[in-house]
Amino acid sequence: MRFAVFASGQGSNLQAIIEAVQKGVIKSELALVFSDNHKAFALKRAQAVGIKTLCLERKDYVSPQSYDRDLLIYLKEAQIDFIVLAGFMRLLTPFFIKEYYQRILNIHPALLPAFKGMQGIKDTFTYGVKVAGVTVHFVDDKIDHGPIILQQAFKVSHKETLESLEARIHKIEHKFYPKAIALFVEGRLKIRGRKVTILERSASPSVAKDAVDQKEFDSPEPS
Ligand code: GAR
């Protein structure tokens, strides 16, 4: 299987994914990194390790549909089987999503369905919640809505700052996203309606349990 990562910014999740592929945690070829922003540092991270990159800017297209049509041509050329959104800040059209139905994954820095949108971390912090978290889900045609693959929650300390919360969320994301992608690649995610079941690997049933073990991802509260 070959996959593409879509990223618009820093690409710290992309970096974690690259390392997971290099270590063999994700047994799939990361064949393309795509961005809608030519300034995205994610593109540099990919180029540094010799991964092919592609950037299409929205301003060069008359409509979201024509943009996505072109993008699909590139993806087909590159023989991309599935797509991982990692801080990709542009909405995909329903037409595009249909082409990769149940083959697009996304990470969101909040416990969906709370705090959807572009500022999940800031919104979580401002709201004053006592529990925050991270969600990995399949993408459907509504924003931050598709079936949930994994979620990790943690307690928010009264000493938390926006910066400390952001750091904790990113730390979880970098462990969590490669794990979810690996489950997908291994064919261990069964979708029925909104419910995603994680199938146990027959050779080692304990692995499936580990994949959803919350303790593994617990990050300490700031002191
Ligand atoms: C991540 O925190 C990711 O969850 C978030 O963007 C950040 C990208 O960071 N995605 C969304 O908010 C999607 N709605 P990165 O570029 O360093 O990986």
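Check the entry above for the structure.
Participant: Explain the overall build of the protein chain to me, and be specific about the residues and the numbers.
Facilitator: Regarding its fold elements, the protein chain presents seven helices and nine strands. Taken against the 2.2 N^0.38 rule, which gives 17 Å for 223 residues, the C-alpha radius of gyration of the protein chain at 17 Å falls within 12% of a compact globule. Taking the principal axes of its C-alpha atoms as reference, the protein chain extends roughly 50 × 45 × 35 Å. Looking at the 223 residues of the protein chain, the share that counts as buried comes to 48%. Only carbon and sulfur atoms are counted for the fraction: they give 55% of the accessible area of the protein chain, which is about 11500 Å². One way to put it: in the protein chain the 32 positive side-chain charges average out to a point 3 Å from where the 25 negative ones average out.

Participant: A description of the sheet that holds strand 1 (residues 2-6) should follow, citing residues and the corresponding values.
Facilitator: Strand order in the open sheet formed by seven strands is 3-2-1-4-5-6-7, and the pairing between neighbours is mixed. With partners counted over all chains shown, the strands left at the sheet margins are strand 3 (53-55) and strand 7 (148-155), one partner each. The sheet shows a mean angle of 20° between the axes of neighbouring strands, taken without regard to direction. Of the pairings in the sheet, the one linking strand 1 to strand 2 (residues 29-35) comprises five bridges and is parallel in character. Paired with Val5 across the two strands is Val33, which belongs to strand 2. Packed on one face of the sheet, helix 3 (residues 64-77) meets strand 1, strand 2, strand 3 and strand 4 (82-85) and runs near 155° to strand 2.

Participant: Quick one: what's the story with the site of the ligand, residue by residue and with numbers?
Facilitator: The environment of the ligand is made up of 13 residues, and the closest members are Gly11, Ser12, Asn13, His108 and Glu173. Here Ser12 contributes a side-chain N or O atom positioned 2.6 Å from an oxygen atom of the ligand. Here an oxygen atom of the ligand and a side-chain polar atom of Glu173 are 2.4 Å apart. Put simply, the parts of the chain that give the shell around the ligand at least two residues each are helix 1 (12-22), strand 5 (104-108) and helix 6 (162-185). Looking at the shell around the ligand residue by residue, the classes come out as three nonpolar, eight polar and two charged.

Criteria and thresholds
Residues numbered from 1 in each chain as written. Predicted model: local features only at pLDDT ≥ 70, side-chain atom pairs only at ≥ 80, totals over all residues. Heavy atoms only, no water. Helix = DSSP H or I, 4+ residues; strand = E, 2+ residues; numbered from the N terminus. Rg over C-alpha atoms; globule rule 2.2 N^0.38 Å. Buried < 20%, exposed > 50% of the residue type's maximum accessible area, 1.4 Å probe, protein only. Areas by Shrake-Rupley, 256 points an atom, 1.4 Å probe, with all protein chains shown as cover. Lys, Arg positive; Asp, Glu negative; His and termini not counted. Charge placed at Lys NZ, Arg CZ, Asp CG, Glu CD. Pairing = 2+ DSSP bridges. Axes fitted to C-alpha atoms, helices over the stretch in contact; angles between N-to-C directions. Contact = heavy atoms within 4.5 Å. Near = heavy atom within 4 Å. Polar contact = N/O pair within 3.5 Å; in protein donor to acceptor, adjacent residues only side chain to side chain. Nonpolar A, V, L, I, M, F, W, Y, C, P; charged D, E, K, R; others polar.

Any functional reading would require information that these geometric values do not contain.
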